[in-house]
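Fold and contact review
So the chains spell out like this:
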Amino acid sequence: DRCLVAAFDGGLEPLLVLTKSDLAPPSALLELYGALDIPYVVTSRDELYHGEAAERLREHIGGRITAFVGHSGVGKTTLVNALVPEERRRSTGVVNAVTGRGRHTTTSALALPLAAPGGWVIDTPGVRSFGLHHVDPSRVINAFPDLQPGTEGCPRACSHDEPDCALDEWVAQGHADPARLYSLRRLLATRERREGD
Ligand SMILES: Nc1nc2c(ncn2[C@@H]2O[C@H](COP(=O)(O)OP(=O)(O)OP(=O)(O)O)[C@@H](O)[C@H]2O)c(=O)[nH]1
Ligand SMILES: [Mg+2]
């Protein structure tokens with residue numbers, strides 16, 4: 001959600017890539033983000049080996065400049081290697097079986113050119129936190145288009161975390177998933193403290 005806030009605020013077009021669908025189904029996440037109309041691609045280990053993952057991704061990122069962002073170990077470099085096999089020189093890491101965390105294998109950002117129709121794909125190090133200091137809090141709501149219309153009933157300059165906030169009613173009426181409101185509030189609350197989720 002923090003990445004989406006930054007993307008919407010900066011005028012970028014986000015693409016959700018749900019990796020490792022061989023390990024867990026993507027359905028819960030797709031349900032949560034389905035209301036947002038954000039394009040998405042689901043990938044799995046088999047599809048990586050057989051080239052379908054790269055093919056499907058290329059349909060979205062061909063001719064564009066794309067940066068992969070996400071926690072360590074989600075499979076960013078693995079995808080970049082599938083997209084630009086001739087550049088396969090960057091190592092991928094293993095996820096710790098106990099903690100489920102990656103090892104921060106990639107330590108610097110690297111842009112690689114895509115074959116025709118061209119474009120660039122940028123591999124980045126896994127993020128522990130994603131600061132949103134550059135985003136005005138009043139604009140954070142723009143990344144929550146499923147909640148945004150519900151703010152019409154809010155008091156002026158509502159913090160969206162106060163008793164009169166209209167978003168509780170909006171969610172109670174079934175217009176948006178309660179998890180999304182929770183996410184918005186957590187994000188607004190942690191914004192100042194530079195905490196990541
Ligand atoms: N099962 C499964 N494993 C995957 C898939 N994609 C990547 N992996 C594995 O996940 C581990 C981490 O992949 P990386 O590509 O190194 O992850 P990363 O996002 O680049 O990590 P950092 O560089 O630390 O930010 C490796 O062991 C990959 O083989 C997938 O679709 N399915
Ligand atoms: Mg990496």
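Residues numbered from 1 in each chain as written. Chains lettered and ligands numbered in written order. Predicted model: local features only at pLDDT ≥ 70, side-chain atom pairs only at ≥ 80, totals over all residues. Heavy atoms only, no water.

All right, on to helix 4 (residues 52–61) then. In an α-helix, one turn spans 3.6 residues, which is why side chains three or four residues apart end up on the same side. Listed as buried for helix 4 are Ala 53, Ala 54, Leu 57 and Ile 61. The buried residues of helix 4 occupy an angular sector of 90° when projected down its axis, which confines them to one face. In helix 4, those exposed residues whose orientation departs by more than 90 degrees from the buried face are Glu 55 and Glu 59. In this structure, the buried side of helix 4 is in contact with strand 1 (16–18), strand 2 (40–42), helix 3 (45–50), strand 3 (65–67), helix 5 (76–83) and strand 5 (120–123). Of the residues one or two after helix 4, Gly 63 is the one with positive phi, at around 80°. (Buried < 20%, exposed > 50% of the residue type's maximum accessible area, 1.4 Å probe, protein only. Helix = DSSP H or I, 4+ residues; strand = E, 2+ residues; numbered from the N terminus. Arc of directions from axis to C-beta. Contact = heavy atoms within 4.5 Å.)

Across the sheet, three strands lie side by side as 3-5-4; this open sheet has mixed pairing. The sheet terminates laterally at strand 3 and strand 4 (110–113), the two strands that pair on one side only. Each neighbouring strand pair of the sheet contributes to a mean axis angle of 20°, computed without reference to strand direction. Summarising the sheet, strand 4 and strand 5 pair through four bridges and their orientation is antiparallel. Paired with Pro 113 across the strands is Trp 120, a residue of strand 5. (Pairing = 2+ DSSP bridges. Axes fitted to C-alpha atoms, helices over the stretch in contact; angles between N-to-C directions.)

A separate point is the nonpolar core. Soluble globular proteins: nonpolar side chains tend toward being buried together. Ranked by size, the top nonpolar core spans 21 residues in total, and within it Val 5, Val 140, Phe 144, Leu 147, Leu 167 and Leu 184 carry the most contacts. Elements represented by at least two residues in this core include exactly helix 1 (2–10), helix 7 (167–172) and helix 8 (178–190). The dominant element in this core, judged by the number of residues it contributes, is helix 8, at four residues. In contact with Val 5, other than residues within four places in its own chain, are Leu 132, Val 135, Val 140, Ala 143, Phe 144 and Leu 187. One finds Val 41, Ala 54, Leu 57 and Val 121 within the second-largest nonpolar core, a separate group that totals 13 residues. (Core = buried A, V, L, I, M, F, W, Y, C linked by side-chain atoms within 4.5 Å.)

Take the site of ligand 1 next. Residues in contact with ligand 1 amount to 22 residues; listed here are only the nearest, Asp 22, Ser 72, Thr 78, Gly 93 and Thr 106. Contacts to ligand 1 include Asp 22, whose side-chain N or O atom sits 2.7 Å from a nitrogen atom. At 2.8 Å, a side-chain N or O of Arg 45 approaches an oxygen atom of ligand 1. Look at ligand 1: alone it shows 660 Å² of surface, and the protein chains cover 92% of it. Listing elements by their share of the shell around ligand 1, those giving two or more residues are helix 3 and helix 5. The leading source of residues in the shell around ligand 1 is helix 5, at three residues. Here the residues of the shell around ligand 1 are counted per class, giving five nonpolar, 13 polar and four charged. (Near = heavy atom within 4 Å. Polar contact = N/O pair within 3.5 Å; in protein donor to acceptor, adjacent residues only side chain to side chain. Areas by Shrake-Rupley, 256 points an atom, 1.4 Å probe, with all protein chains shown as cover. Nonpolar A, V, L, I, M, F, W, Y, C, P; charged D, E, K, R; others polar.)

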